[in-house]
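Per-entry structural report
Next come the chains, spelled out residue by residue.
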Number of protein chains: 4
Amino acid sequence: MYIYELEFKVRDYECDLQGIVNNSVYQNYLEHTRHEFLLENNLSFDKLHQQGIDAVVARIEMAFKCSLRSGDVFVSKLYVKKEGVKYVFNQVIYRKSDDKLCVRAKVDTVVVINGKLIASLPEFDELVEKSHRR
Amino acid sequence: MYIYELEFKVRDYECDLQGIVNNSVYQNYLEHTRHEFLLENNLSFDKLHQQGIDAVVARIEMAFKCSLRSGDVFVSKLYVKKEGVKYVFNQVIYRKSDDKLCVRAKVDTVVVINGKLIASLPEFDELVEKSHRR
Amino acid sequence: MYIYELEFKVRDYECDLQGIVNNSVYQNYLEHTRHEFLLENNLSFDKLHQQGIDAVVARIEMAFKCSLRSGDVFVSKLYVKKEGVKYVFNQVIYRKSDDKLCVRAKVDTVVVINGKLIASLPEFDELVEKSHRR
Amino acid sequence: MYIYELEFKVRDYECDLQGIVNNSVYQNYLEHTRHEFLLENNLSFDKLHQQGIDAVVARIEMAFKCSLRSGDVFVSKLYVKKEGVKYVFNQVIYRKSDDKLCVRAKVDTVVVINGKLIASLPEFDELVEKSHRR
């Protein structure tokens with residue numbers, strides 16, 4: 001089902017005074033996974049922005065199942081589907097050592113061109129297609 | 001309904017290459033608001049942690065309505081209620097200049113003592129009481 | 001000697017697994033202090049950037065004297081002088097509870113207009129003047 | 001001269017409103033490089049901390065030569081020498097595409113055991129030895 005995955009390693013500065021990765025950092029991991037997925041498909045979040053095309057997160061749901069710690073290696077996976085005007089990214093993060101689910105997330109994004117919401121972007125529709133074919 | 005509010009100002013390093021506050025930073029704002037709310041009620045997240053009592057986020061839902069930018073002042077508000085073992089924080093962030101809603105969030109937290117989930121913490125139940133009385 | 005000061009409070013997410021504010025976060029504090037100082041003098045780092053004028057840090061020296069912790073309130077102060085093409089910010093951070101020096105920093109900045117280094121910016125020269133008059 | 005190197009890729013959330021990696025983030029890169037270097041030598045910053053042994057940054061000097069941007073891959077290198085009680089890390093960051101120097105840094109660290117400064121730690125002296133042998 002997942003069509004892209006990226007491996008990370010926890011960096012110590014990402015851990016907070018509880019000694020675990022701070023919750024907000026998982027949003028960084030999820031974002032970086034989406035942007036690397038775009039890059040692999042020849043789409044750059046930065047270049048799109050410079051062309052006036054912005055992928056914007058409208059809503060995010062995250063379930064925290066297990067905390068990552070200093071030194072942990074983990075795998076971040078995603079697939080994307082279309083729901084109305086939204087491109088919905090389904091994302092998970094698994095700890096590599098024991099394949100334990102750490103985070104499950106649903107990230108609703110929309111595309112805005114020069115500040116105006118658009119119904120679809122052909123380049124993104126292709127990514128949805130790819131997910132379907134899986 | 002909201003029983004606590006805290007004023008912030010966007011810091012430039014919180015903005016990303018789109019020129020707006022990065023989505024993950026709102027989780028920082030929401031966390032800081034909860035921790036300051038605890039402090040105002042003589043509860044320190046850090047001291048609780050040192051006593052083996054951890055308030056842990058189990059789930060978060062965030063709707064992004066309007067982006068904050070460099071220089072923006074905003075108000076972050078919350079109230080908390082009990083749902084089963086969960087302490088559920090309802091949080092909003094409003095831009096101060098025009099009272100526009102920027103983020104609405106629901107943050108489910110649970111209390112863990114020495115790694116074991118507990119059903120309730122009297123100190124937190126009091127905060128729920130305070131919310132009810134409003 | 002210092003011509004501007006700003007009060008902050010440590011936010012828990014800024015602390016790392018040692019339970020103290022992570023060293024990199026002091027750079028955030030120092031930057032925010034400089035940008036707020038600019039704003040007080042009717043200069044916006046963001047607006048300058050949009051006009052193609054970028055204040056760029058060329059060099060930074062930081063001495064860490066004492067660690068800030070969860071809940072600490074601190075005061076960040078600065079003055080600025082000119083050294084050749086550089087605007088040099090001298091900055092200190094003091095813990096408020098006991099006036100203890102936490103960080104002393106020297107931040108060399110230069111001004112770049114549309115990618116080209118310039119010798120001076122009248123608006124910044126005024127800030128240097130202000131520091132001298134002190 | 002350098003005895004350890006680590007490859008990174010810029011993550012978009014690390015870029016600020018100038019569209020370049022925020023200066024404070026280089027401190028994160030430098031720290032992560034040091035900690036990974038320790039790990040490669042079977043020393044964990046986190047585990048040392050749990051044993052009451054803290055490597056603390058006393059002073060940092062960073063020269064910013066060239067800005068990293070979205071998508072850039074870079075290599076971070078280091079060696080370490082002893083100067084009195086200090087373990088001094090000499091670190092550089094090079095952009096991979098053209099081998100351009102981005103950051104040169106000197107990071108003075110000291111070792112503190114249960115809050116008390118110590119003159120040397122045998123495990124760290126070995127890392128200095130390794131640097132010398134190069």
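Predicted model only: the values in this text are computed from it and were never measured. (Residues numbered from 1 in each chain as written. Chains lettered and ligands numbered in written order. Predicted model: local features only at pLDDT ≥ 70, side-chain atom pairs only at ≥ 80, totals over all residues.)

1. Things to note about helix H1 (residues 23–40) of chain B
Every α-helical turn comprises 3.6 residues, leaving residues that sit three or four positions apart pointing alike. All names here are of chain B. Over its 18 residues, H1 extends 27 Å from the first C-alpha to the last, a length consistent with the 26 Å expected when each residue adds 1.5 Å. Among the 18 residues of H1, 15 are classified as buried, and the element is accordingly described as predominantly covered. One or two positions beyond H1, positive phi appears at asparagine 42, with a value near 60°. (Helix = DSSP H or I, 4+ residues; strand = E, 2+ residues; numbered from the N terminus. Expected span 1.5 Å × (residues − 1). Buried ≥ 20, exposed ≤ 12 C-beta atoms within 10 Å, placed from the backbone.)

2. Some remarks on the nonpolar core
One finds Tyr26 and Val103 of chain A together with Tyr26 and Val103 of chain B to be the most contacted residues of the largest nonpolar core, which totals 70 residues. Dropping the residues within four chain positions of it, valine 103 of chain A is found in contact with Tyr26, Met62, Ala63, Phe64, Lys65, Val92 and Ile93 of chain A. Judged by nonpolar contacts, the second largest core, of 68 residues, contains Val10, Phe37, Val57 and Val103 of chain D. (Core = buried A, V, L, I, M, F, W, Y, C linked by C-beta atoms within 7 Å. Contact = placed C-beta atoms within 7 Å.)

3. Topic: the relation of the copies chain B and chain A
Between the two chain copies there is a screw-like relation: a rotation about an axis and a shift along it. The two copies are related by a screw operation: chain B maps onto chain A through 180° of rotation and 0.0 Å of translation along the axis, at an RMSD of 0.0 Å. Taken together, these values place the two copies in the relation of a two-fold axis. Closest approach to the rotation axis among the C-alpha atoms of chain B is made by glutamate 61 of chain B, whose C-alpha sits 2.2 Å away. The fraction of interface residues of chain B whose copies in chain A are also interface residues reaches 100%, indicating that both copies meet through the same surface. (Least-squares fit on C-alpha atoms with pLDDT ≥ 70 in both.)

4. A short note on the relation of the copies chain C and chain A
Superposing chain C onto chain A takes a rotation of 180° combined with a translation of 0.0 Å along the rotation axis, leaving an RMSD of 0.0 Å. Mapped onto chain A, 100% of the interface residues of chain C are again interface residues, and the two copies thus contact each other with one and the same surface.

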